[in-house]
Amino acid sequence: MRQFDVFVFDENYDEAQGLKPQPPFTDAKLGWFFTSDWNKHLDEIEGEWVVFAHPSIKIDREFLNNLADVTDGFPMVDAFAPRIRTKEKKFLGGSILRPAIKGSGFIAIDENAPMRYVAAPHPYLAVFSRRIIQRTGRFDMTLPPIARLADFTLRMMHAGGKMFSVPYLVAQALNDEAKRVAGTETDKGLATDLKATALVLSKAFGIEASLPFALHHPTVIPTLLANRKERKTKRKAATQLSKLKKEFLAQVTA
């Protein structure tokens, strides 16, 4: 069994052309998947842990060695939200939930935040155990790429999983892409795509979270009114047997 599998999601990669990117290094305990289809190779997972990364994030031996230490040190955790170090040596991390009374949505944790549970990773980097992926299912390809890891993580929470942020688990950004989608100082997190955020909240928490968000961001209302039947079906599938406890939800809410 491999220790890690690394999925690099490049929306511009065309597998039909047969031009397969070359991994930066190889190892018998490591598998690489370069794809634009987030679900195509999930059945081929052999690694105990799976890294999902944007091509602008450097996945090297140092990062994977640190990941090995972290997974050994926190055996009861199902997923991790690594931090991303920008070229300016700033750190981008996971996000917690904004309470409904303040409009709902996501808020990126402070770059100096201590170890803690989070509700979502940075949109460009996350780590999940193989067992929790099998329990959670596949990625929702109807969502834009920026929202898929957050949606998957919230569904994982309903499946009984928890995502942890460890400050010393850090990957290097190769360019400014990760910084571009990290939000702004006044509205941090996944807020760079309001419509996607509204859909993710609606699927995971229904009207309780999506209505306050829509009241604060009226432009998302048409999005929430469209395809309600399909979204209701997805929400039922994700939450019908939910193991998410109010106590843990409070831990990942500001």
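A brief report on the enclosed structure follows.

Reading guide: rules and limits
Residues numbered from 1 in each chain as written. Predicted model: local features only at pLDDT ≥ 70, side-chain atom pairs only at ≥ 80, totals over all residues. Heavy atoms only, no water. Buried < 20%, exposed > 50% of the residue type's maximum accessible area, 1.4 Å probe, protein only. Helix = DSSP H or I, 4+ residues; strand = E, 2+ residues; numbered from the N terminus. Pairing = 2+ DSSP bridges. Axes fitted to C-alpha atoms, helices over the stretch in contact; angles between N-to-C directions. Parallel < 35°, antiparallel > 145°, perpendicular 65-115°, else oblique. Contact = heavy atoms within 4.5 Å. Nonpolar A, V, L, I, M, F, W, Y, C, P; charged D, E, K, R; others polar. Phe/Tyr/Trp six-rings, centres within 6.5 Å; stacked < 30°, edge-to-face > 60°. Lys NZ or Arg CZ within 6 Å of the ring centre and 35° of its normal. Expected span 1.5 Å × (residues − 1).

### A word on the pairing of strand E11 (residues 125–129)
Burial analysis of E11 places five of its five residues in the buried class, the great majority of the element. Alternating residues of E11 divide into Leu125, Val127 and Ser129 and Ala126 and Phe128, and every residue in both groups is buried. Alignment of strand E3 (residues 49–53) against E11, held across five bridges, turns out to be antiparallel. By the bridge assignment for E11, Val50 is matched with Phe128. Alignment of strand E5 (residues 79–80) against E11, held across two bridges, turns out to be antiparallel. Looking across to E11, one finds that Ala79 is bridged to Phe128.

### Quick word on the packing of helix H5 (residues 194–205) against helix H6 (residues 207–216)
At their nearest, the axes of H5 and H6 sit 7 Å apart, and the two run at 155° to each other. Considering the angle they form, H5 stands roughly antiparallel to H6. Touching Leu194, Thr197, Ala198, Leu201, Ser202 and Phe205 of H5 are Ile207, Glu208, Ala209, Ser210 and Phe213, all from H6.

### A closer look at the packing of H5 against helix H8 (residues 228–239)
In contact at an axis separation of 7 Å, H5 and H8 are set at 50° when each is read in the N-to-C sense. The angle between H5 and H8 places the two elements in the oblique class. Mapping the contact onto sequence places Leu199, Ser202, Lys203 and Ala204 in H5 and Arg231, Lys234, Arg235 and Thr239 in H8. Of the residues belonging to the contact of H5 with H8, the class tally is two nonpolar, two polar and four charged.

### Focus: the sheet that holds strand E7 (residues 91–92)
As summarised here, the arrangement of the four strands in space is E4-E13-E6-E7, forming an open sheet in which the pairing is mixed. Looking along the sheet, the strands with just one partner apiece sit at the ends: strand E4 (57–58) and E7. As paired strands, strand E6 (residues 83–85) and E7 are joined by two bridges and run antiparallel to one another. Each bridged residue has a counterpart across the sheet, and for Arg85 the counterpart in E7 is Phe91.

### Topic: the packing of aromatic side chains
Remark: the centre distance and the inter-plane angle together describe each pair of aromatic rings, the angle taken between the planes. If you walk through the whole model with that rule in mind, you get 17 aromatic pairs. Between Phe9 and Trp38, the ring centres sit 4.1 Å apart and the planes meet at 10°, which makes this aromatic pair stacked. With Phe9 in strand E1 (residues 4–9) and Trp38 in the loop between strand E2 (30–35) and E3, this residue pair connects regions lying 29 residues apart in the sequence. Taking relative accessible area as the criterion, Trp38 reaches 4% and is therefore assigned buried. Taken together, the ring pairs connect Phe7, Phe9, Phe33, Trp38, Phe52, Phe128, Phe139 and Phe152 into an aromatic cluster. Its end group placed over the ring of Phe91, Arg83 keeps NZ or CZ at 4.1 Å from the ring centre.

### Focus on helix H3 (residues 145–158)
For H3, which comprises 14 residues, the first-to-last C-alpha distance of 21 Å matches the rise-based estimate of 20 Å (1.5 Å per residue) to within 8%. Backbone geometry just after H3 places Gly160 at a positive phi near 100°.

### A closer look at the sheet that holds strand E10 (residues 116–118)
Sheet architecture is open: seven strands sit in the order E2-E1-E3-E11-E5-E12-E10, paired in mixed fashion. This sheet does not close on itself; its edge strands, each paired only once, are E2 and E10. Bridge analysis of E1 against E3 gives five bridges, and the strand direction is parallel. Of the residues in E3, the one forming a bridge with Phe7 is Phe52. In the packing of helix H1 (residues 61–73) onto the sheet, the strands contacted are E1, E2, E3, E5 and E11, and the crossing angle to E3 comes to about 135°. Its contacts with the sheet place H3 against E3, E5, E11 and strand E12 (163–165), and it is angled at close to 30° to E11.

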